[in-house]
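Letter by letter, the chains look like this.
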Amino acid sequence: MAATRDYYETLAVPRDISEADLKKAYRKLALKFHPDRNKGDESAAERFKEVSEAYEVLSDPEKRKVYDQYGHDGLRGQGFGGASSQHARDIFESFFGGGGGGGGGGLDSMFEGLFGGGGGRRPSGPRRGTHLRVVVHVTLKEAFSGTTKTLTIQRNDPCEPCKGSGAAAGTKAETCSTCHGHGQVQRQQGMFMMQTPCPKCRGEGTVIKTPCTTCHGQGVTTNDADIEIRIPAGIETGQQLRLANEGEPGDRGGPRGDLYCIVQVKEHSFFGREEDNLTCEIPVTYSQLTLGGEVDIPTLEGTKTLKIASGTQSGRVLRMRGQGMPSVRGFSNGDLLVRVQLATPKKLGAREKELLEELREIEGATPSSAQKSFFDKVKDLFD
Ligand SMILES: [Zn+2]
Ligand SMILES: [Zn+2]
């Protein structure tokens, strides 16, 4: 076994780091080296494994104590293995699984690919089904209040007549005569003997002589399934919801894979979104900005009143606290950021025109202090 780097060094943190800061440091590194973001980069995968292992130990107060005192040897003596324990899996899932966003599907297979959990697979043992991914579209209003959707997905079910075996009723899959059930064959490649999946049974170890006529030996049939999914309030585009055991059926009685629902929040015609904040722009009049006043703002929960202070400049962004999106973690709402934009009228009534003409005369006689300082500045540029 290669020498293991110091866990604190791996995470680039001081030895007296708090639990909260440790979590932050890990999260940053884990995202940076996440296999989904570094496709095919083996050194990143290796680093990801390293930081995950370091965090697994240091985030567990008991293991951290042992590690601080005795180092890696202490952990081995205590029977703590590598990062394939349930604790590591929980950490991994809490960062990348469920509605956490960021991670890819196939979490289990990724976890196992990285950490080698799950043990060796015998060709004839039960095997977990593959994970499925679907995209779920929701409106901003649905994302605001949370909703339940029913999705119709195409997915396989174990074939009824053959009970998933693929062999016709009254027959059974037979042990492959080429590999004698091992699923692997030895092949000479130059100087070496290589193990490769058996070409006859494609690594299954068994062959079906008389295929089931319903599924043609596949063991599964494709059906429409209605899946109900609860979308939590505050969900954002790209976040994933995992429905355990709603994926493809497993082989030979293995459990179903999971179903990952990737959320897409549709663009809204009026509101923009910046994480938990909502943004919008409303037209206001010169007198509303100058004298101040109240304007009605449409929100996702009905009309609210926005106070405009006297002397507000056009283009200013006013904050309506707590009127944004709810946090998906359930803490608090974001804010609604309203940009007030002066709308110059294209048509004026006779009375309006009269008043504005009068206003122009007054302004001409006594320019506002803002205008005066502006002209002073500009004058300097031409001197
Ligand atoms: Zn075979
Ligand atoms: Zn069948």
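Residues numbered from 1 in each chain as written. Chains lettered and ligands numbered in written order. Predicted model: local features only at pLDDT ≥ 70, side-chain atom pairs only at ≥ 80, totals over all residues.

Can you walk me through the overall build of the protein chain in this structure?
A tally of regular secondary structure across the protein chain gives 10 helices and 15 strands. Buried positions account for 24% of the 383 residues belonging to the protein chain. (Helix = DSSP H or I, 4+ residues; strand = E, 2+ residues; numbered from the N terminus. Buried ≥ 20, exposed ≤ 12 C-beta atoms within 10 Å, placed from the backbone.)

Any chance you could explain the sheet that holds strand S1 (residues 132–138) here in plain terms?
Within a sheet, adjacent strands bond to each other through the backbone by hydrogen bonds, running parallel or antiparallel. Strand order in this open sheet of three strands is S1-S9-S8, and the pairing throughout is mixed. Where the open sheet ends on each side, the last strands, each with one partner, are S1 and strand S8 (240–243). Across this sheet, the average inter-strand angle for adjacent strands is 25 degrees, counted without regard to direction. (Pairing = 2+ DSSP bridges. Axes fitted to C-alpha atoms, helices over the stretch in contact; angles between N-to-C directions.)

Would you explain the nonpolar core in this entry?
The nonpolar side chains of soluble globular proteins are, as a tendency, buried together. Counting residues in hydrophobic clusters, the biggest one holds 21 residues, and the most contacted among them are Ala143, Ile235, Cys261, Val263 and Val340. Looking at this core, the elements that each hand over two or more residues are helix H7 (140–145), strand S9 (259–265), strand S11 (277–284) and strand S15 (336–342). Judged by nonpolar contacts, the second largest core, of 15 residues, contains Tyr26, Leu29, Phe48 and Val57. (Core = buried A, V, L, I, M, F, W, Y, C linked by C-beta atoms within 7 Å.)

It is not clear to me how the packing of helix H2 (residues 19–32) against helix H3 (residues 42–58) should be interpreted in this structure. Could you clarify?
Helix packing geometry: the angle between the two helix axes and the distance between the axes. Axis separation between H2 and H3 bottoms out at 10 Å; the angle between their running directions is 165 degrees. With respect to H3, the axis of H2 lies roughly antiparallel. The interaxial crossing formed by H2 with H3 has left-handed handedness. In this structure, H2 uses Leu22, Tyr26, Leu29 and Ala30 to contact H3, whose residues at the interface are Phe48, Val51, Ser52, Tyr55 and Leu58. (Parallel < 35°, antiparallel > 145°, perpendicular 65-115°, else oblique. Left-handed = near helix turned anticlockwise from the far one by under 90°. Contact = placed C-beta atoms within 7 Å.)

Which parts of the structure should I look at to understand the sheet that holds strand S14 (residues 317–320)?
Spatially, the four strands line up as an open sheet ordered S10-S11-S15-S14, and their pairing is mixed. In this open sheet, the two strands that pair with only one neighbour each are strand S10 (272–274) and S14. Across the sheet, the mean angle separating the axes of adjacent strands is 30 degrees when strand polarity is ignored.

Could you clarify how one ought to interpret the pairing of strand S12 (residues 293–299) in this entry?
One face of the sheet, then the other: side chains in a regular strand alternate in exactly this way. One ladder, built from seven bridges, connects S12 with strand S13 (residues 302–308); its direction is antiparallel. Bridging from a neighbouring strand, Glu294 pairs with Lys307 of S13.

What am I meant to see in the pairing of S9 here?
By the criterion of burial, S9 is predominantly enclosed, with five of the seven residues buried. Pairing between S1 and S9: seven bridges, direction parallel. Across the sheet, residue Val135 finds its bridge partner in S9, namely Ile262. Where S8 meets S9, four bridges bridge the pair, whose relative direction is antiparallel. Directly across from Arg242, in S9, lies its bridge partner Tyr260.

Even after reading the chapter, I still don't get unusual backbone geometry, so can you show me in this structure?
For residues other than glycine, phi is negative in most cases, and the peptide bonds are mostly trans. Not every positive phi belongs to a glycine, and Lys163 is a case in point at roughly 55 degrees. Structurally, the position occupied by Lys163 is in the loop between strand S2 (147–158) and strand S3 (174–175). Look at Lys163 and you get partly exposed, because 13 C-beta atoms sit within 10 Å. Although it is not a glycine, Glu275 sits at a positive phi angle of roughly 55 degrees. By the element assignment, Glu275 lies in the loop between S10 and S11.

Help me understand H3, please; the structure alone is not making it clear to me.
Residues spaced three or four apart along an α-helix point in a common direction, a consequence of the helix completing one turn every 3.6 residues. Over its 17 residues, H3 extends 24 Å from the first C-alpha to the last, a length consistent with the 24 Å expected when each residue adds 1.5 Å. Residues of H3 that are buried include every one of Phe48, Val51, Ser52, Glu53, Ala54, Tyr55, Glu56, Val57 and Leu58, and no others. (Expected span 1.5 Å × (residues − 1).)

Please explain the environment of Arg187 as it appears in this structure.
Topologically, Arg187 is positioned in strand S4 (residues 184–189). Given 11 C-beta atoms within 10 Å, Arg187 falls into the exposed group. Look past the residues within four positions of Arg187 in its chain and what remains in contact with it is Met194 and Thr196.

Just checking my understanding: could you explain the environment of Ala54 for this structure?
Topologically, Ala54 is positioned in helix H3. On the basis of neighbour count, Ala54 is assigned to the buried category, with 26 C-beta atoms found within 10 Å. Separated by 46 residues in sequence, Ala54 and Tyr8 place their C-alpha atoms 7.4 Å apart. Setting aside anything within four residues of it in sequence, one finds Ala54 in contact with Tyr7, Thr10 and Leu11.

Would you explain the environment of Leu132 in this entry?
When you line up the elements, Leu132 lands in strand S1. For Leu132, a count of 23 C-beta atoms within 10 Å gives the class buried. When the C-alpha positions of Leu132 and Gly257 are compared, they lie 7.3 Å apart, and in sequence the two are 125 residues distant. Setting aside its immediate chain neighbours within four residues, Leu132 contacts Ile153, Arg155, Gly247, Glu248, Gly257 and Leu259.

Just to check I follow, could you spell out helix H10 (residues 369–382) for this structure?
Here H10 is 14 residues long and its end C-alpha atoms lie 20 Å apart, about the 20 Å a rise of 1.5 Å per residue gives. Little of H10 is tucked away: zero of the 14 residues are buried.

Any chance you could explain the confidence of the model for the protein chain here in plain terms?
As a general rule, the predicted coordinates of low-pLDDT regions are not to be interpreted in detail. Across the protein chain, the average pLDDT comes to 83, with 86% of residues at 70 or higher. Contacts for the low-pLDDT stretch residues 97–109, under 50 throughout, to residues beyond four places or in other chains number 29 contacts. (pLDDT = per-residue confidence, 0-100.)

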